[in-house]
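Observations on the model geometry
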Amino acid sequence: MATYLAQVEDQLINIKKIIYVALGLSLSIPIFASEVKQAKLEFFKYEEFADRRTGQVNMDRDFLLKLDELRRLCGFPIHINSGYRAREHPVELHKEKPGTHTQGIAVDIRAINNHRRKIILEHARSLGFTGIGIYPRHIHIDTRKTKRVLWVRDKYKVTHSGVLN
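Here is a short report on the structure shown in this document. Throughout this description, residue numbers start from 1 for each chain and increase along the sequence as written. Only residues with pLDDT of 70 or above have their local features reported here, since the model is predicted, and side-chain atom pairs are shown and tallied only from 80 upward, although totals for entire chains, interfaces and linings are computed over all residues. Think of the side-chain values as coming from all heavy atoms in the structure, minus any hydrogens and water.

Description of the overall build of the chain
Strands are runs of DSSP state E lasting at least 2 residues, helices are runs of H or I lasting at least 4, and numbering of each runs from the N terminus. Scanning the chain from terminus to terminus reveals four helices and six strands. When the helices and strands of the chain are read in sequence order from the N terminus, they spell out α-α-β-α-β-α-β-β-β-β. A 1.4 Å probe rolled over the protein chains alone gives each residue an accessible area, and that area as a share of the maximum for its type sets the label: buried under 20%, exposed over 50%, partly exposed in between. For the chain, buried positions account for 40% of its 165 residues. Considering only contacts in the chain between residues 6 or more positions apart, those separated by 24 or more positions represent 50%. A total of about 10400 Å² of accessible surface is found on the chain, and carbon and sulfur atoms cover 55% of it. Any pair of residues with heavy atoms lying within 4.5 Å of one another is described as a contacting pair. Residue burial considers only the protein chains on display, and all accessible areas are found by Shrake-Rupley using a 1.4 Å probe.

And the structure:
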């Protein structure tokens, strides 16, 4: 029965792709947690990365595997504040161009205390995350394809930024 359901899900995804191509839409198809060809994650559930408004979980598989490794190295639970965001997400609407969350290659992690924040930052950098933002209540990490960057933001504005080595 499970194999049959998996085949039906594959067929539905393929039909969705055909429709998108026929309509001239991007093949970066918004998909839902139930449709994802899921990488085996040890520490996270795909629903944790869903856009809270649309339910879409269009996360990059390699990014999620790297994030799972980050969690393993940290040795404590990591709470995801924000994962995938649809382009219509209110935060994204205020940007000049859609950010890394819309590409499925970014998360915001709740920062519980400075000790854990330091551990997360050390391991994120060692694993090769290329965008790291430090905020008062969370840490943003991503795998952007441009230069490696680090920024610190207080409640109102970026106070420090630079290129990571």
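Thoughts on the side chain of Arg-85
With respect to the helices, strands and loops of the structure, Arg-85 is situated in the loop between strand E1 (80-82) and helix H3 (90-93). Within 3.5 Å is the distance limit for a polar contact, defined as a pair of N or O atoms, with the added protein rule that one can donate a hydrogen and the other accept it, and that residues adjacent in sequence qualify only through two side-chain atoms. Polar side-chain contacts of Arg-85 include one of 3.1 Å to the side chain of Ser-82.

Observations concerning the pairing of strand E2 (residues 106-110)
By the criterion of burial, E2 is predominantly enclosed, with four of the five residues buried. Note on pairing: DSSP must find at least two bridges between two strands before they are called paired. Here E1 pairs with E2 via two bridges, running antiparallel. When the sheet's bridge partners are listed, Ile-80 is paired in E2 with Ile-109.

Looking at the layout of surface pockets
Method remark: on a 1 Å grid restricted to protein atoms, a set of points is classed as a cavity if a 1.4 Å probe fits but cannot get out and as a pocket if it is open with protein on both sides within 12 Å along at least five of seven lines; lining residues have an atom within 4 Å of a point. Grid points are joined across faces, edges and corners, and a volume is the space filled by probe spheres set on the points. Looking at the largest pocket, its volume works out to about 640 Å³. Lining the largest pocket are 22 residues, with Lys-95, Gly-99, Thr-100, Arg-144 and Trp-151 sitting closest to its centre. Those elements that provide at least two residues to the lining of the largest pocket are strand E4 (138-142) and strand E5 (149-153). In terms of residue count, the dominant contributor to the lining of the largest pocket is E5 (three residues). Residues are sorted three ways: Asp, Glu, Lys and Arg are charged, Ala, Val, Leu, Ile, Met, Phe, Trp, Tyr, Cys and Pro are nonpolar, and all the rest, Gly among them, are polar. Grouping the constituent residues of the lining of the largest pocket by class yields seven nonpolar, seven polar and eight charged.

So, the packing of aromatic side chains
Any two rings among Phe, Tyr and Trp, with Trp reduced to its six-membered ring, count as a pair given centres within 6.5 Å; such a pair is stacked if its planes are under 30 degrees apart, edge-to-face if over 60, and tilted if neither. Summed over all chains, the structure comprises two aromatic pairs. Between Phe-44 and Phe-49, the aromatic rings sit 5.6 Å apart at their centres with planes inclined by 55°, giving tilted as the arrangement. On the basis of relative accessibility, which here comes to 7%, the residue Phe-44 falls in the buried class. Residue Phe-49 is classed as buried on the basis of its relative accessible area of 0%. Both rings, one in Phe-63 and one in Phe-129, keep their centres 5.8 Å apart while their planes meet at 85°; by these two values the pair is edge-to-face. With Phe-63 in helix H2 (residues 61-74) and Phe-129 in the loop between helix H4 (114-126) and strand E3 (131-134), the pair connects residues that are 66 residues apart, well separated along the chain. Exposure class is identical for Phe-63 and Phe-129. Each is buried. Between the NZ or CZ atom of Lys-66 and the centre of the ring of Phe-129, over which it lies, the distance is 5.5 Å. Charge-over-ring contacts are defined here by two conditions on Lys NZ or Arg CZ: a distance within 6 Å of the ring centre and an angle within 35 degrees of the ring normal.

Side note on the packing of H2 against H4
It is the contact of H2 with H4, at a shortest axis distance of 10 Å, that shows an interaxial angle of 130°. Comparing the axis directions of H2 and H4 gives the class oblique. When the axes of H2 and H4 are compared, the crossing they make is right-handed. Every residue of H4 that contacts H2 at Leu-70, Leu-73 and Cys-74 is listed here: Ile-119, Ile-120, His-123 and Ala-124. A fitted line through C-alpha atoms serves as each axis, taken over the contacting stretch for helices, and the angle formed by two N-to-C directions is quoted from 0 to 180°. Here is the rule for angles: anything less than 35 degrees is roughly parallel, anything more than 145 is roughly antiparallel, 65 through 115 is roughly perpendicular, and the remaining ranges are oblique. Here a crossing is taken to be left-handed if its near helix is turned anticlockwise relative to the far helix by less than a right angle, and right-handed if that turn runs clockwise.

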